[in-house]
Structures are given as structure tokens and as C-alpha cells.
Amino acid sequence: MKLTYQGHSCFIAEAEGHSVIIDPFLNGNPLAKIKPSDVKVDAVLVTHGHADHLGDAVEISKKNNAPVIGVFELVNYCTVKGASGHAMHIGGSHTFPFGRVKLTIAHHGSTTEVGAVGNPCGFLLTMGGKTVYHAGDTGLFSDMALIGEINTIDCALLPIGDNYTMGIEDAIRAVGLLKPKMAVPMHYNTFDVIKQDPESFRKGLEGKPVKVKILKPGESLEV
Ligand code: NI
Ligand code: MN
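The structure reproduced in this document is the subject of the present report. Computed from a predicted model, the values in this text were never measured in an experiment.

**Focus on the overall build of the protein**
Of the regular secondary structure elements, the protein holds six helices and 16 strands. Seen along its three principal axes, the alpha-carbon backbone of the protein occupies a region of about 50 × 35 × 30 Å. Counting only contacts in the protein whose residues sit at least 6 apart along the sequence, the fraction spanning at least 24 positions is 57%. Separation of charge centres in the protein, based on 20 positive and 23 negative side chains, amounts to 5 Å.

**Description of the sheet that holds strand S16 (residues 220-222)**
Here seven strands make up an open sheet; going across it, the order is S6-S5-S4-S3-S2-S1-S16 and the pairing mixed. In this open sheet, the two strands that pair with only one neighbour each are strand S6 (85-88) and S16. Across the sheet, the mean angle from the axis of one strand to that of its neighbour is 20°, orientation sign disregarded. In this structure, strand S4 (residues 43-45) lies alongside strand S5 (residues 68-71), joined through two bridges in parallel fashion. By the bridge assignment for S5, Val44 is matched with Val68. On top of the sheet, helix H2 (residues 57-64) reaches strand S3 (18-22), S4 and S5; it is set at about 165° to S4, its chief contact. Contacts from helix H3 (residues 72-80) reach S5 and S6 within the one sheet, and its direction differs from that of S5 by about 140°.

**As for helix H5 (residues 168-178)**
Every buried residue of H5 is accounted for by Ile168, Ala171, Ile172, Ala174, Val175 and Leu178. Along the long axis of H5, the arc covered by the buried residues comes to 155°, so they all point the same way. Those residues of H5 that are exposed and angled more than 90 degrees off the buried face are Glu169 and Arg173. The inward-facing, buried residues of H5 abut strand S12 (130-134), helix H4 (144-150), strand S13 (155-159), strand S14 (182-186) and helix H6 (198-204). Following H5 by one or two positions, Lys179 has its phi on the positive side, about 50°.

**Topic: the environment of Lys208**
Secondary-structure assignment places Lys208 in the loop between H6 and strand S15 (211-212). Under the relative-accessibility criterion, Lys208 is labelled partly exposed at 49%. Considered as a pair, Lys208 and Val175 are 33 residues apart in the sequence and their alpha carbons are 9.4 Å apart.

**As for the coordination of the nickel ion (ligand 1)**
Of the protein atoms, only His48 (NE2), His50 (ND1), His108 (NE2) and Asp137 (OD) coordinate the nickel ion (ligand 1), at distances of 2.2 to 2.3 Å. Around the nickel ion (ligand 1), the four donor atoms sit at angles spanning 86 to 177°, and that spread fits a shape best called irregular. Summarised as a motif, the one-chain spacing of the donors to the nickel ion (ligand 1) is H-x1-H-x57-H-x28-D. The class for His48 is buried, based on a relative accessible area of 0%.

**Section: the layout of surface pockets**
Considered as a void within the structure, the largest pocket measures approximately 160 Å³ in volume. As for the largest pocket, its lining consists of Ile90, Gly91, Lys102, Leu103, Thr104, Ile105, Leu124, Asp143, Leu146, Ile147, Ile150 and Asn151. Of all the secondary-structure elements, those providing two or more residues to the lining of the largest pocket are strand S8 (99-105) and H4. By residue number, the principal contributor to the lining of the largest pocket is S8, which donates four residues.

**With respect to the pairing of S6**
Where S5 meets S6, four bridges bridge the pair, whose relative direction is parallel. Bridge pairing in S6 links Gly70 to Ala87. For the segment spanning S5, H3 and S6, crossover handedness is right-handed.

**Some details on the nonpolar core**
Side chains of a nonpolar character, in soluble globular proteins, are inclined to be buried together. In this structure, Leu3, Leu45, Phe98, Val101, Tyr133 and Phe201 are the most contacted members of the largest nonpolar core, which totals 74 residues. With six residues, the top contributor of residues to this core is H5. Those residues in contact with Phe98, other than ones at most four positions away along the chain, are His18, Val20, Asp42, Ala43, Leu45, Ile69, Leu125, Thr126 and Met127.

**Comments concerning the packing of aromatic side chains**
Scanning the entire structure with this criterion turns up three aromatic pairs. Each ring, one from Tyr5 and one from Phe11, has its centre 4.8 Å from the other, and the planes form 35°; the classification is tilted. On the basis of relative accessibility, which here comes to 2%, the residue Tyr5 falls in the buried class. A residue is classified by how much of its surface remains accessible, and Phe11, at 0% relative accessible area, is buried. Relative to Phe98, the ring of Phe96 has its centre 5.1 Å away and its plane inclined at 10°; by these criteria the two rings are stacked.

The rules behind the values
Residues numbered from 1 in each chain as written. Chains lettered and ligands numbered in written order. Predicted model: local features only at pLDDT ≥ 70, side-chain atom pairs only at ≥ 80, totals over all residues. Heavy atoms only, no water. Helix = DSSP H or I, 4+ residues; strand = E, 2+ residues; numbered from the N terminus. Contact = heavy atoms within 4.5 Å. Lys, Arg positive; Asp, Glu negative; His and termini not counted. Charge placed at Lys NZ, Arg CZ, Asp CG, Glu CD. Pairing = 2+ DSSP bridges. Axes fitted to C-alpha atoms, helices over the stretch in contact; angles between N-to-C directions. Buried < 20%, exposed > 50% of the residue type's maximum accessible area, 1.4 Å probe, protein only. Arc of directions from axis to C-beta. Donors = N, O, S within 2.8 Å, 3.2 Å for Na, K, Ca; no water. Tetrahedral: all angles 85-135°; square planar, octahedral: opposite > 155°, others 65-115°. 1 Å grid on protein atoms, 1.4 Å probe; cavity = no way out; pocket = protein on both sides within 12 Å on 5 of 7 lines; lining within 4 Å. Points joined across faces, edges and corners; volume = space filled by probe spheres on them. Right-handed = clockwise from strand over helix to strand, strands pointing away. Core = buried A, V, L, I, M, F, W, Y, C linked by side-chain atoms within 4.5 Å. Phe/Tyr/Trp six-rings, centres within 6.5 Å; stacked < 30°, edge-to-face > 60°.

So, in C-alpha cells, the structure goes:
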């Protein structure tokens, strides 16, 4: 699976001729290198309703005839706006033509201009035989150990920005619970309040059985 970072919590995953985007915050994202019109995907995965995650999901869904995938209430919000959707909920998994998606808990909020749009979530995404865990926006939680026990996580995408989500110390603990083969920090340096040095995350995991990859916006890695 090829993973390309678009800044903040946005990633594009590609495998076997399919591609999906997660948390497509492109318009208004000072770190994004692409525009919504550049995106060609089979599906749009959205962890929660906050603008820095929902982003351009509706526009990308419409242009690509690609379903928005997320919790029921958030998907309903998107389909009312003209997107196509596939509603799921926490703990549920589904196999799509591009791969398998399972929704995990995330401790956070999820609102839009209409109010709350259900619970936030994280994603376990399996494509091309590899599994990526995108934590969404969340604090540290001990069930990450269960997620790591049930799933072989090839790559964990973890927020490190602090203030709204885990900071670096808690993200280092999250890696210990999830036991991924690879970890990529996200949700930092987009705004002043979430400024972090990702090298501290790397240093904190030195000597641990995990490869830390710090991606610049626009950069890719092979999982
Ligand atoms: Ni959020
Ligand atoms: Mn956020």
C-alpha cells in the first residue's frame, strides 16, 4: 500500500489500482499540496465532522461518485448535501471493492454547523494486504491495546499535536499499546496551537520495535 500525506490528518492510500482519501482537509489547509479537484479516489473516509477533517469530503465524493464512509450521523449529514455515502458505526467492518474498513472508537467531539453529527471514530483500513490504523482525533485510551492485539497494524497514523488530541508523550504510549510495525505522526504544525517537533516523537521511540516515519506534506511511503 502506498500512503501519501497531505498535511494535518489527510492521507491518500493506494493499492491494486484503488485509492481512498482519509480526512480530506485541503481547502484552507496551509500544508496541503493538492486541491480537491486533483483527487481521484474510490472512497472518502472521514473520522469526524470538524472542518479540519470533513474538509472537502462532499465535493470530492460528488466529483468522483465515491461514497463518504464514516459513522451513520456524519454520513447522513454528507448525503443531505448531495454526497453519496456508506454509513457504518463503531466496531463495524465492511469489505468494499478497494479493501476493508473497520471503525474504532476515538475520544473527541464531532460537530458541524448543524450541531453534533454522531461519535468521532478512527479507521482500520486494509488494502493490498496491509492494515493502516488512522486514529482520527483522539486522546490516549487503553483499548488501543485491544486494537493492537486483534489486528496486525502495519502502520499507525497518530496525532501528536496536543491541545485537541494526544500530545507526543501520549502518542509514544499509544505506539506501545498498538504495537504497529511503523508509526507516522499527524495533526501537528498546521496551526500554532498544535506546533510540535516530530523528532521528539521519533526520539521517544528509539530502541523500540517500530519504524517512525516523519512525512512532509506531499511525501509518500510504502507500507
Ligand atoms: Ni477534531
Ligand atoms: Mn482535528
